[in-house]
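# Summary of structural features
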Amino acid sequence: MDIKEYFARTSYQGSYDKLDLATLTDILQHHIRAVPFENLSIHCGEGIELDLEAAYNKIVREKRGGWCMENNQLLSWVLKTVGYDVTLLGAKVYVPEYDVYAPEMDHLLLKVVLDGKSYIVDGAFGMAYQMWQPMELISGTDQPQTPGVFRFLEKSGVWYLEKVKRKQYSPDQSVSTSHNLEEEGCRPVYLFTLQPRDIEEFRACNTRLQTKQASLFVSKSICSLQTTNGIRALVGWKFTEMKYNYKDNMDLVQIRILADEEIEKTLKEKFNITLDKKFVPINRSRPHPSELFV
């Protein structure tokens, strides 16, 4: 593995001699704008390995994306290689359909200590809840970013991440009616503790999330990429482009349902992804997360 090859993959051309917050932010932003959050391997009949070199080869050399246990594991290696103090943490993701958090740890994120302050760095949540900047680990303080206002709340050693969303606007009224645009307001994202984790602790999770029918990642094929002003996402056949803060504190949302023959071209043109095996899109309702353990 070669750090220069990784930076070529993300088009990062800055210096990493100075281990400061600006450099950390720049590395994170280049990652999320170059490397999609995606689970397409599952829907191509491939397994997802919990292995750093496998993640490196897939993301850097094959120019694919990955989910949190690939993206954030690789990002952890990158940050450690250039000299940052990095710790793996585990989170339980909020499931809005059922207003619950996952019963077991199902998300890998990073804590970086810099000049005596702790920051959460997460390059692999994807979609509209992806942070664009490292977040200082302080409770109850709004941390405005381009995607919206994020904040942490700490209760009895458990940290909760939430995002205040803008209202969404679509010029196509049929989209507003048929695709349930999100209302503005506060939305939980995930909870976590500061207990340091080893990558091996995610092995059962890595298997469960790609094999159990109750898993979000089995129920839906997902590919999302952050842009300079918003996001692109393909969930099943639904292709969404969002521009943050388009006007009047509203996010512009444009949605199109793709035909099967448009999928391959869209993945290439919008996400720079070319798949070797046949991809079968899927977008079905997600079962209750407790069914993951049945």
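Worth saying up front: this structure is predicted, and the values here are computed from it rather than measured. (Residues numbered from 1 in each chain as written. Predicted model: local features only at pLDDT ≥ 70, side-chain atom pairs only at ≥ 80, totals over all residues. Heavy atoms only, no water.)

## Remarks on the environment of serine 156
- Along the chain, the position of serine 156 falls in the loop between strand S8 (148-155) and strand S9 (158-165).
- Serine 156 sits in the exposed class, given a relative accessible area of 79%.
- With 82 residues separating them in the primary sequence, serine 156 and lysine 238 have C-alpha atoms 40 Å apart. (Helix = DSSP H or I, 4+ residues; strand = E, 2+ residues; numbered from the N terminus. Buried < 20%, exposed > 50% of the residue type's maximum accessible area, 1.4 Å probe, protein only.)

## Let's talk about the sheet that holds strand S1 (residues 37-38)
- The strand order S1-S12-S13-S14-S15-S10 describes an open sheet built from 6 strands, whose pairing is mixed. Of all the strands in the sheet, just S1 and strand S10 (167-169) have a single pairing partner and so form its edges.
- Across 6 bridges, the pairing between strand S13 (residues 230-235) and strand S14 (residues 238-247) is antiparallel. By the bridge assignment for S14, leucine 234 is matched with phenylalanine 239.
- Seen against the sheet, helix H8 (residues 260-271) touches strand S12 (222-226), S13, S14 and strand S15 (250-257) and runs at an angle of roughly 155 degrees to S13. (Pairing = 2+ DSSP bridges. Contact = heavy atoms within 4.5 Å. Axes fitted to C-alpha atoms, helices over the stretch in contact; angles between N-to-C directions.)

## A short note on unusual backbone geometry
- Of note in this structure, serine 11 is not a glycine but carries a positive phi near 60 degrees.
- Relative to the helices and strands, serine 11 resides in the loop between helix H1 (3-10) and helix H2 (21-34).
- With phi around 55 degrees, lysine 63 is a residue other than glycine that occupies positive phi space.
- Relative to the helices and strands, lysine 63 is located in the loop between helix H3 (52-61) and helix H4 (68-82).
- Judged by its relative accessible area of 42%, lysine 63 is partly exposed.

## Re the nonpolar core
- Within the largest apolar cluster, 68 residues are counted, with the highest numbers of intra-cluster contacts made by Tyr6, Met69, Leu79, Ile120, Tyr190 and Phe192.
- When residues in this core are grouped by element, the largest group, 8 residues, is from H4.
- The contacts of leucine 79, once residues within four sequence positions are left out, are Leu24, Ile27, Tyr84, Val86, Leu110, Val112 and Val121.
- Core analysis: the second largest hydrophobic core is formed by 12 residues, Cys44, Cys223, Leu258 and Ile273 among them. (Core = buried A, V, L, I, M, F, W, Y, C linked by side-chain atoms within 4.5 Å.)

## Looking at H4
- Here H4 contains 15 residues, and its C-alpha end-to-end distance of 21 Å stays within 8% of the 21 Å for a straight helix at 1.5 Å per residue.
- Of all the 15 residues making up H4, 13 are buried; the element is thus mostly covered by neighbouring parts of the structure.
- Phi for glycine 83, located one or two positions after H4, is positive at around 120 degrees. (Expected span 1.5 Å × (residues − 1).)

## Regarding H3
- Of the residues making up H3, those classed as buried are Ala55, Tyr56, Lys58, Ile59 and Val60.
- In this fold, the buried residues of H3 make contact with H1 and H4.
- Regarding H3, its N-cap is aspartate 51, as a side-chain oxygen of that residue lies 3.2 Å from the backbone nitrogen of glutamate 53 further along.
- Just downstream of H3, lysine 63 is the residue with a positive phi angle, here 55 degrees. (Polar contact = N/O pair within 3.5 Å; in protein donor to acceptor, adjacent residues only side chain to side chain.)

## Regarding the pairing of S12
- Within S12, 5 of the 5 residues are buried, which leaves the element mostly enclosed by the surrounding structure.
- Alternating positions in S12 separate into two faces, Ile222, Ser224 and Gln226 on one and Cys223 and Leu225 on the other, with burial throughout.
- Relative to S12, S1 runs antiparallel, the two being bridged by 2 bridges. Following the sheet pairing, phenylalanine 37 is matched in S12 by serine 224.
- Pairing of S12 with S13, which is carried by 5 bridges, proceeds in the antiparallel orientation. Looking across to S13, one finds that glutamine 226 is bridged to isoleucine 231.
- Here S12 hands over to S13 after 3 residues, the two strands then running antiparallel side by side.

## Brief notes about the packing of aromatic side chains
- One pass over the structure, following the stated rule, counts 15 aromatic pairs.
- Ring plane angle 10 degrees and centroid distance 6.2 Å describe the contact between tyrosine 169 and tyrosine 246, whose orientation is recorded as stacked. Of this pair, tyrosine 169 sits in strand S10 while tyrosine 246 sits in strand S14, placing them 77 residues apart in sequence.
- Taking the relative accessible area as the measure of exposure, tyrosine 246 reaches 44% and is therefore partly exposed.
- An aromatic cluster is present here, built from Phe125, Phe152, Trp159, Tyr190 and Phe192 joined pairwise through their rings.
- One Lys or Arg, arginine 33, reaches over the ring of tryptophan 132 and ends 5.1 Å from the middle of that ring.
- The aromatic ring of tyrosine 129 is capped on one face by lysine 163, whose charged end is 5.2 Å from the ring centroid. (Phe/Tyr/Trp six-rings, centres within 6.5 Å; stacked < 30°, edge-to-face > 60°. Lys NZ or Arg CZ within 6 Å of the ring centre and 35° of its normal.)

## Some details on the pairing of strand S4 (residues 107-114)
- S4 sits mainly inside the fold: 7 of its 8 residues count as buried.
- Here strand S2 (residues 85-95) pairs with S4 via 7 bridges, running antiparallel. Each bridged residue has a counterpart across the sheet, and for leucine 89 the counterpart in S4 is leucine 109.
- Bridging between S4 and strand S5 (residues 117-121) involves 5 bridges; their strand directions are antiparallel. Residue pairing in the sheet places valine 112 in a bridge with tyrosine 119 of S5.

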